[in-house]
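# Summary of the model geometry
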Amino acid sequence: MNRRNFFAGAAGAATAVAATSVSRVAMAALPEPVLQASTATAAPLIPPNGHPYQPVVTLNGWTLPWRMNAGVKEFHLVAEPVVREMAPGFKVNMWGYNGQSPGPTIEVVEGDRVRIFVTNKLPEHTTVHWHGQRLPNGMDGVGGITQPHIPPGKTFVYEFSARRPGTFMYHPHADEMTQMAMGMMGFWVTHPKASAHPHIEKVDRDFCFLLGSFDVEPGSKTPKVATMTDFNIWSFNSRVFPAIDSLNVRRGDRVRLRVGNLTMTNHPVHIHGHEFEVTGTDGGPVPRTARWPEVTTDIAVGQMRQMEFVADEEGDWALHCHKSHHTMGPMGHDVPTMIGVDHRGIAEKIRKLVPDYMVMGDKGMADMGSMEMPLPDNTLPMMSGQGPFGAAEMGGMFTLLKVRRDQKPGDYKDPGWFRHPLGAVAREVAAGTTPPAAPRAAASPAASPATSSGAAPDATVRRTPGPGAHHH
């Protein structure tokens, strides 16, 4: 895929059908649709033309290129069946846009005139609703109410001005129970035009992702679209831990996270090691006087939240939904609790009759993160992922914020596991021994951070160990 050179005229443009009063001249040639199959986090798309802005990074996703046509930004979305690899070896049949679910992020600037062509390659009709946007009623994308549905094989066009900066989404308003359950959604970011906005600060790293939920039975590939509550796959941008990329930042960076929720329940998103402020919603930026510090913010159904913080603590910090069953892979809701019950040998006998039988361990579920139970093909394990100290025992909506002092500006590569300073990792205490008390520094208003925290004056709390040091 060439993401920059998509300006050639499109074949088959004569079949396009306008949904609005856009002139035939504007419909003369559609921008060629750009497709993407990779699940890796793409580098930010530096705007090649139009008003400049600082681009976002879509977690395990990408930004849709555009072409300029007489001062109008033109995009081309293709609604189509896709196969999304949610984790290595675990592929799910979904519906999405331009080869992906979620679809590509659309980035524009406040005041831009935007024209989006939407080609429907689904087996049924669809529409696109531009969630949170101020626009003419006939462009709102509610099938049967504000526009006719887009039939299979047809192309409609939406045109409006991006009237206010903020964080938005796009998704169907046509058979939406099916289409959203199949993964049809995407991110939209409108950047402020002014170089200095009273409520929008400049940041060093700007990430975005959508929360998703699917019901995929073990061994199957297609989500059950009639599910209302019993989902078993919880995702960031249709990826699950440990296949969700980490958010890699430089120590001292001001970081913005834009998170949207199109699942059927709320998600308390929690960040370890840092406090943040909610600086914006899909309703717009939050005035500074209305913000307060948080470490968890609840994102309800259909909501967007912008969180900002300074990444001033080095390490590999967890970032996850705080509903514990949302940080696990698929499991049956009827799995019996067997804590305290000795069922040695019984499970294997049952498994000879019911091959996919699974039961909680008699001491808890931790063993399930390391045991290699036979699973049906294309089935995500309940717990997976390895860290430098052993099994992570996580899945679903979980990833890492990796803060490093030597991460270069603009470098988003994974720096690997954090090398902890010597003596800075929780460790076992030998039986019958008491660790010596740390020396206490004399209280002094002029004390340095190292000494005022109780560390010895010559201790370097944040030092990076040399090449021979071991992080355990």
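Residues numbered from 1 in each chain as written. Predicted model: local features only at pLDDT ≥ 70, side-chain atom pairs only at ≥ 80, totals over all residues. Heavy atoms only, no water.

### Here's the deal with the side chain of Lys 73
Mapped onto the fold, Lys 73 is located in strand E3 (residues 72–87). For Lys 73, a relative accessible area of 1% translates into the label buried. A polar contact is formed between the side chain of Lys 73 and the side chain of Asp 112, at a distance of 2.9 Å. With residues near it in sequence (within four places) discarded, Lys 73 still touches Tyr 53, Trp 66, Arg 67, Met 68, Glu 107, Val 108, Val 109, Asp 112, Arg 113, Val 114 and Arg 115. (Helix = DSSP H or I, 4+ residues; strand = E, 2+ residues; numbered from the N terminus. Buried < 20%, exposed > 50% of the residue type's maximum accessible area, 1.4 Å probe, protein only. Polar contact = N/O pair within 3.5 Å; in protein donor to acceptor, adjacent residues only side chain to side chain. Contact = heavy atoms within 4.5 Å.)

### Re the pattern of salt bridges
Proximity of charged atoms lets side chains of opposite charge pair with each other. By the definition in use, this model includes 21 salt bridges. A salt bridge links Arg 291 to Glu 201; the shortest N-O distance between them is 3.5 Å. Taken together, the residues span a long stretch of sequence, with Arg 291 in the loop between strand E17 (284–285) and strand E18 (293–294) and Glu 201 in the loop between strand E10 (186–191) and strand E11 (205–214) at a distance of 90 residues. Residue Arg 291 is classed as buried on the basis of its relative accessible area, which comes to 11%. Under the relative-accessibility criterion, Glu 201 is labelled partly exposed at 23%. Note that Arg 258 is salt-bridged to Asp 206, the shortest N-O span being 2.9 Å. Here the residue Arg 258 occupies a position in strand E14 (residues 254–261), and Asp 206 occupies one in strand E11, the gap between them amounting to 52 residues. Taken as a pair, Arg 258 and Asp 206 share a single burial class, namely buried. Among the charged side chains, a network of salt bridges with common partners joins Glu 201, Asp 206, Arg 254, Arg 256, Arg 258, Arg 288, Arg 291 and Glu 308. (Salt bridge = Lys/Arg side-chain N within 4 Å of Asp/Glu carboxyl O.)

### Points about the packing of aromatic side chains
By the definition in use, this model includes 12 aromatic pairs. The interplanar angle of 70° and the centroid separation of 5.3 Å between the aromatic rings of Tyr 97 and Tyr 170 together place this pair among those described as edge-to-face. Highlighted residues: Tyr 97 in strand E4 (residues 90–97) and Tyr 170 in strand E9 (residues 166–171), separated in sequence by 73 residues. You'll find Tyr 97 and Tyr 170 in the same group, each marked buried. The interplanar angle of 75° and the centroid separation of 4.8 Å between the aromatic rings of Phe 241 and Phe 398 together place this pair among those described as edge-to-face. On the criterion of sequence distance, the pair formed by Phe 241 in the loop between strand E12 (233–236) and strand E13 (247–250) and Phe 398 in strand E24 (residues 398–404) is long-range, its members being 157 residues apart. The exposure classification of Phe 241 matches that of Phe 398, with both residues buried. Linked through ring pairs, Tyr 97, Trp 130, Tyr 158, Phe 160, Tyr 170 and Trp 188 together constitute an aromatic cluster. A cation over a ring is seen here: Arg 205 above Tyr 412, with NZ or CZ 4.8 Å from the ring centre. For the cation-ring pair, Lys 402 lies above Trp 417, with the distance from its terminal atom to the ring centre recorded as 4.8 Å. (Phe/Tyr/Trp six-rings, centres within 6.5 Å; stacked < 30°, edge-to-face > 60°. Lys NZ or Arg CZ within 6 Å of the ring centre and 35° of its normal.)

### Describing the sheet that holds E13
A sheet is described by the order of its strands in space; here five strands give the open sequence E13-E24-E21-E15-E19, paired in mixed fashion. Since the sheet does not close on itself, it has two edges, and those belong to E13 and strand E19 (296–299), each with one partner. With strand direction ignored, the average angle separating the axes of adjacent strands in the sheet is 20°. Relative to E24, E13 runs parallel, the two sharing four bridges. Paired with Asn 248 across the strands is Lys 402, a residue of E24. (Pairing = 2+ DSSP bridges. Axes fitted to C-alpha atoms, helices over the stretch in contact; angles between N-to-C directions.)

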